[in-house]
Amino acid sequence: MAPPNTSPAGEQSLLSTEIVNRGIELTGPDAGSPTFSVRVRRRLPLPDFLQSVNLKYVKLGYHYLINHAIYLATIPVLVMVFSAEVGSLSREELWKKLWDYDLATVLASFGVFVFTLSVYFLSRPRPIYLLDFACFKPSDDLKVSKAEFIEMARRSGKFSEESLQFQSKIVEASGIGDETYVPKSIMSRDNIATMKEGREEASLMIFGALDELFEKTRIRPKDVGVLVVNCSIFNPTPSLSAMIINHYKMRGNILSFNLGGMGCSAGIIALDLARDMLQANPNNFAVVVSTETVGYNWYPGSDRSMLIPNCFFRMGCSAVLLSNRRRDFPRAKYRLEHIVRTHKGADDRSFRSVYQEEDEQRFKGLKVSRELMEIGGDALKTNITTLGPLVLPLSEQLLFFMTLIKRQLLGGSSGKGQPATNSAGSTSGSETKPYIPDYKLAFEHFCVHAASKTVLDELQRNLELSEKNLEASRMTLHRFGNTSSSSIWYELAYLEAKGKVHSGDRVWQLAFGSGFKCNSAVWRSLRRIKRPTTCNPWL
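Colleague: Explain the confidence of the model for the protein residue by residue, including any values.
Modeller: If pLDDT is low for a region, its predicted coordinates should not be looked at in detail. Chain-level pLDDT for the protein is 83 on average; 75% of the residues reach the 70-or-more range. Between residues 1-8, whose pLDDT stays under 50, and residues either more than four places distant or in other chains, the model counts 17 contacts. Confidence over residues 412-430 falls short of pLDDT 50; this stretch has 26 contacts with residues more than four positions distant or in other chains.

Colleague: Please give an account of the pairing of strand β12 (residues 364-368) that cites residues and values.
Modeller: For strand β11 (residues 354-358) and β12, the ladder comprises five bridges, and the chain directions are antiparallel. Bridging from a neighbouring strand, Tyr 355 pairs with Lys 367 of β12. In this antiparallel pair of consecutive strands, β11 and β12, the connection spans five residues, and Arg 362 shows a positive phi of 70°.

Colleague: Hey, could you go over the pairing of strand β6 (residues 224-231) for me, with residue numbers and the actual values?
Modeller: Burial analysis of β6 places eight of its eight residues in the buried class, which makes it a mostly covered element. Of the pairings in the sheet, the one linking β6 to strand β7 (residues 255-259) comprises five bridges and is parallel in character. Within β7, the residue paired with Asn 230 across the bridge is Leu 259. Of the crossover connections in this fold, the one passing from β6 over helix α8 (residues 240-248) to the parallel β7 is right-handed.

Colleague: Report on a positive patch on the surface, specifying residues and quantitative values.
Modeller: Residues Lys 498, Arg 527, Arg 528, Lys 530 and Arg 531 make up a contiguous surface patch of positive charge. Within the secondary structure, Lys 498 is located in the loop between α16 (487-497) and β14 (506-513).

Colleague: Would you mind going over the side chain of Thr 386 in detail, with residue names and values included?
Modeller: Relative to the elements of secondary structure, Thr 386 occurs in helix α12 (residues 372-391). A polar contact is formed between the side chain of Thr 386 and the backbone oxygen of Thr 382, at a distance of 2.9 Å.

Colleague: Can you break down helix α6 (residues 161-172) residue by residue, with the values?
Modeller: A rise of 1.5 Å per residue sets the reference length of α6, with its 12 residues, at 16 Å; its end C-alpha atoms lie 16 Å apart and thus fit the reference within 8%. Of all the positions in α6, only Ser 163, Leu 164, Phe 166, Gln 167 and Val 171 are classed as buried. The arc enclosing the buried residues of α6, seen along the axis, measures out at 160°, which places them on a common side. Along α6, exposed side chains directed more than 90 degrees from the buried face belong to Glu 162, Gln 165, Lys 169 and Glu 172.

Colleague: I'd like a rundown of the sheet that holds β14, residues and numbers included.
Modeller: Spatially, nine strands are ordered β7-β6-β8-β9-β3-β10-β15-β14-β13 in an open sheet, and the strand pairing comes out mixed. Of all strands in the sheet, those with a lone pairing partner are β7 and β13 (445-448), marking the two edges. Geometrically, the sheet is characterised by an average inter-axis angle of 20° between neighbouring strands, direction not taken into account. By the bridge criterion, eight bridges tie strand β8 (residues 285-292) to strand β9 (residues 316-323) in an arrangement that is antiparallel. Bridging from a neighbouring strand, Phe 285 pairs with Ser 323 of β9.

Colleague: Could you give an account of the packing of aromatic side chains, with specific residues and numbers?
Modeller: For the structure on display, the rule yields 17 aromatic pairs. Measuring from centroid to centroid gives 5.4 Å for Phe 214 and Tyr 248, while their planes differ by 75°, and the two rings are edge-to-face. One end of the pair, Phe 214, is in helix α7 (residues 195-217); the other, Tyr 248, is in helix α8, with 34 residues separating them in the sequence. Of the two residues, Phe 214 and Tyr 248, neither departs from the other in class, the shared state being buried. A ring pair is formed by Phe 443 and Phe 446, whose centres lie 6.0 Å apart and whose planes are at 75°; its orientation type is edge-to-face. There is no split in this pair, since Phe 443 and Phe 446 are both buried.

Cut-offs applied
- Residues numbered from 1 in each chain as written.
- Predicted model: local features only at pLDDT ≥ 70, side-chain atom pairs only at ≥ 80, totals over all residues.
- Heavy atoms only, no water.
- pLDDT = per-residue confidence, 0-100.
- Contact = heavy atoms within 4.5 Å.
- Pairing = 2+ DSSP bridges.
- Helix = DSSP H or I, 4+ residues; strand = E, 2+ residues; numbered from the N terminus.
- Buried < 20%, exposed > 50% of the residue type's maximum accessible area, 1.4 Å probe, protein only.
- Right-handed = clockwise from strand over helix to strand, strands pointing away.
- Patch = residues over 30% accessible without salt bridge, like charges linked within 9 Å, V, L, I, M, F, W, Y side chains within 5 Å.
- Areas by Shrake-Rupley, 256 points an atom, 1.4 Å probe, with all protein chains shown as cover.
- Salt bridge = Lys/Arg side-chain N within 4 Å of Asp/Glu carboxyl O.
- Lys, Arg positive; Asp, Glu negative; His and termini not counted.
- Charge placed at Lys NZ, Arg CZ, Asp CG, Glu CD.
- Polar contact = N/O pair within 3.5 Å; in protein donor to acceptor, adjacent residues only side chain to side chain.
- Expected span 1.5 Å × (residues − 1).
- Arc of directions from axis to C-beta.
- Axes fitted to C-alpha atoms, helices over the stretch in contact; angles between N-to-C directions.
- Phe/Tyr/Trp six-rings, centres within 6.5 Å; stacked < 30°, edge-to-face > 60°.

Now the structure itself:
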């Protein structure tokens, strides 16, 4: 990756200062006086995608594309050959050739044709339809402003004034608005990370989202054949999926799964699992529930890297109804086109970038690495490079691939993604920068995980997205905060509430989380989505 911008303006934008109280001076002429120091830190942005693309991930994407397209690619070729052969014959010659074949040959050929056609249609993956989804909207008594949030933390008596000031600074710069939701238990002086508090918060959100989903779709809970629940932090026994089955008295042969510890990208992982289950079990409904508990993960200590999640995470839950029944096509909203998953867990830095542990005081919390932006950028680059060949127009793919091959042949970059330099240490003038495709040509709508304002700013800069492209993500962050794995569904609900989704539109859901993982899901709208009048969190 190329070195960062070293201009004074560019370098200054990456620096932050902080005044640190060092206590009372004990010796010297200033003994007994308070002393302060200024700490200067350099913020690590996302890697610049315009400087480095790894060829192996492009190969992976094209390999995936070829494996799924080879069958359809051969059909036009066979049709062209057959048309050319038949077109060279006159009508009399064609009838003569047909009469020359005996009945057994004709029947055998017809049987082979029918058999081949049957194998093709039976071996095709079943289409996965999204019938509808619901997002939980908490009651107004759980709504807090930024100032109220800090006051609640102060009233709990668990934080020093220095920790409160740090949280206040983070909240103000987070992009979160004054109408997000948190459980009232965070102001309690007692320990709130209990199973009782966790179950109460989880049941409130999950049942609220599912009640709305079943009301919108008119599907009975007993009709659901597959249930997938993801919640990263709170994983009780019996599981949350068992809690749902018990509450709604679902059928005994339901295929239920409970995913834990998989971070903010787990919603797409749950989708992928539900898709696989629907492919293996015809004529079924699947429900995917994505949520995260705030109170159970509340950190009461003083470690700043573990206080950050307190400032961003808010209450939220989504419930999605999927179907593999072809007769559900007329009422389906979207069809699932692609899912691409990237996991960087083999790298130690990535693995520990978001890490749950105890601090020095034995308080449990999530520790966020200072290198998280850089690590997330690397995972994102891998994911979108693999996704590109599946979704980009042919023109963009050709420009991208030709520039990449030219760069490899001419040695435009070093083996580790660094620009080629001459003996004087400057960048070579013959360097060929890779062509970064325009993903705005592949998608009409973007639902990027609303992690923080900084993350969205860096993504917008690197992918060259417009404010309109990230409107749904920024509005979700402002209105609901970081709701973890469910945030991409609040964003899609925003697009529907604004009446922006039309027939044929492609929606890109992009999420990233601990591990480190970056996952993409691509949907195609099957009809114009009318503006909802009820059952939408934005109404």
